[in-house]
Amino acid sequence: MIELFQITGSSSFAARAALEEAGAEYTVVDVHPRRRDEAPGFAEANPLKRVPALRDGDAVVYETGAVLLWIADRFPDLGAPVGTPERGELYRWILWTANTLHGAWWPLMIPQIVSPDESAHEGIRAKGREAMDRNGAYLESELTGREWCLGDRFSVADVYLYMLVGWQSYVPGYTLGGDAVQAHLARVGARPAI
């Protein structure tokens, strides 16, 4: 059985939502955000002590994008067949989301992660907003005319994107992208697994 190490309200949401979407049998190990040493087996599942982390038999996987790709491999309805153009799209979506969009939120939401100097926070947020606006424009162009990230096929990429677009709620008055991005957010959010 799959074992998911998670913190409620964290990036582990995407992994848990994907497992729910797959109808997977899994157990959850709740990790306390400030007492990560207390969760049994967590340090073995991820020596960095970050969530999500997943144990599936002898396999141990961590980092959100890697966990989602593992889930897509285990539950092919949430991915795309190996060797197809859609598989390349899945890789692109997951890696762009993990490498670009995920971390781009931090300067906008938590400027102190860049500098403890409060007088710098307004400038950090402004630069963060510029970066997120570029990401939103990119997403808008990619999602226009598509139901899902892979076109007509729902995948783990849609779950990850849903989580990260949803983070706009942490920035008062901010909306990422335009109508296509927000329509995608609503479609994914309407799915029972979410």
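In case you missed it, the structure is sitting above this.
Small disclaimer: the values here were computed from a predicted structure and weren't measured.

**Some thoughts on helix H6 (residues 156–166)**
Every α-helix carries 3.6 residues per turn, so stepping three or four residues along brings you back to the same face.
Item 1. Counting buried residues in H6 gives 10 out of 11 residues, a clear majority hidden from the surface.
Item 2. Of all the residues in H6, the buried ones are Val156, Ala157, Asp158, Val159, Tyr160, Leu161, Tyr162, Met163, Leu164 and Val165.
Item 3. Its buried side turned inward, H6 meets helix H1 (12–22), helix H3 (64–74), helix H4 (85–109), helix H5 (121–143) and helix H7 (179–189).

**A look at the layout of surface pockets**
Left-over empty space is what a probe sized like a water molecule reveals as it rolls over the atoms.
Item 1. Approximately 590 Å³ is the volume found for the largest pocket.
Item 2. The wall of the largest pocket is formed by 28 residues, among which Ser10, Ser11, His102, Trp106 and Trp167 lie closest to the centre.
Item 3. Taken together, the residues of the lining of the largest pocket sort by class into 16 nonpolar, nine polar and three charged.

**Comments concerning the packing of aromatic side chains**
Item 1. Counted by the stated rule, this structure contains six aromatic pairs.
Item 2. Each ring, one from tryptophan 106 and one from tryptophan 167, has its centre 5.5 Å from the other, and the planes form 50°; the classification is tilted. Pair noted here: tryptophan 106 is in helix H4 and tryptophan 167 is in the loop between H6 and H7, with a separation of 61 residues, a long-range link.
Item 3. The class of tryptophan 167 is buried, set by a relative accessible area of 10%.
Item 4. Above the face of the tryptophan 148 ring, arginine 187 is positioned so that its terminal group lies 5.8 Å from the ring centre.
Item 5. Sitting above the plane of the phenylalanine 154 ring, arginine 191 keeps its charged end 3.6 Å from the centroid.

**Points about the packing of H1 against H3**
Item 1. Where H1 contacts H3, the two axes come as close as 9 Å, and the packing angle between them is 10°. Between H1 and H3, the interaxial angle falls into the category roughly parallel. On H3, the residues that touch Ala14, Ala15, Ala18 and Leu19 of H1 are Thr64, Val67, Leu68 and Ile71.

**Examining the nonpolar core**
Item 1. One finds Ile71, Leu101, Trp105, Leu139 and Val156 to be the most contacted residues of the largest nonpolar core, which totals 52 residues.
Item 2. Going through the elements one at a time, strand E1 (2–6), H1, H3, H4, H5, H6 and H7 are the ones with two or more residues in this core.
Item 3. Setting aside anything within four residues of it in sequence, one finds valine 156 in contact with Ala18, Leu68, Ile71, Ala72, Leu78, Leu90 and Ile94.
Item 4. With nine residues, the next largest nonpolar core counts Phe5, Ile7, Val29 and Val31 among its residues.

**Brief notes about the side chain of threonine 64**
Item 1. Following the sequence through the fold, threonine 64 ends up in helix H3.
Item 2. By relative accessible area, which is 7% here, threonine 64 ends up buried.
Item 3. Apart from the residues lying within four places of it in its own chain, the contact partners of threonine 64 are Ser11, Ala14, Pro52, His102 and Tyr160.

**A look at the environment of leucine 69**
Item 1. Within the secondary structure, leucine 69 sits in helix H3.
Item 2. In sequence terms leucine 69 and glycine 123 are 54 residues apart; their C-alpha atoms lie 36 Å from each other.
Item 3. Once residues lying within four places of it in the same chain are set aside, the contact partners of leucine 69 are Leu90, Tyr91 and Ile94.

What counts as what
- Residues numbered from 1 in each chain as written.
- Predicted model: local features only at pLDDT ≥ 70, side-chain atom pairs only at ≥ 80, totals over all residues.
- Heavy atoms only, no water.
- Buried < 20%, exposed > 50% of the residue type's maximum accessible area, 1.4 Å probe, protein only.
- Helix = DSSP H or I, 4+ residues; strand = E, 2+ residues; numbered from the N terminus.
- Contact = heavy atoms within 4.5 Å.
- 1 Å grid on protein atoms, 1.4 Å probe; cavity = no way out; pocket = protein on both sides within 12 Å on 5 of 7 lines; lining within 4 Å.
- Points joined across faces, edges and corners; volume = space filled by probe spheres on them.
- Nonpolar A, V, L, I, M, F, W, Y, C, P; charged D, E, K, R; others polar.
- Phe/Tyr/Trp six-rings, centres within 6.5 Å; stacked < 30°, edge-to-face > 60°.
- Lys NZ or Arg CZ within 6 Å of the ring centre and 35° of its normal.
- Axes fitted to C-alpha atoms, helices over the stretch in contact; angles between N-to-C directions.
- Parallel < 35°, antiparallel > 145°, perpendicular 65-115°, else oblique.
- Core = buried A, V, L, I, M, F, W, Y, C linked by side-chain atoms within 4.5 Å.

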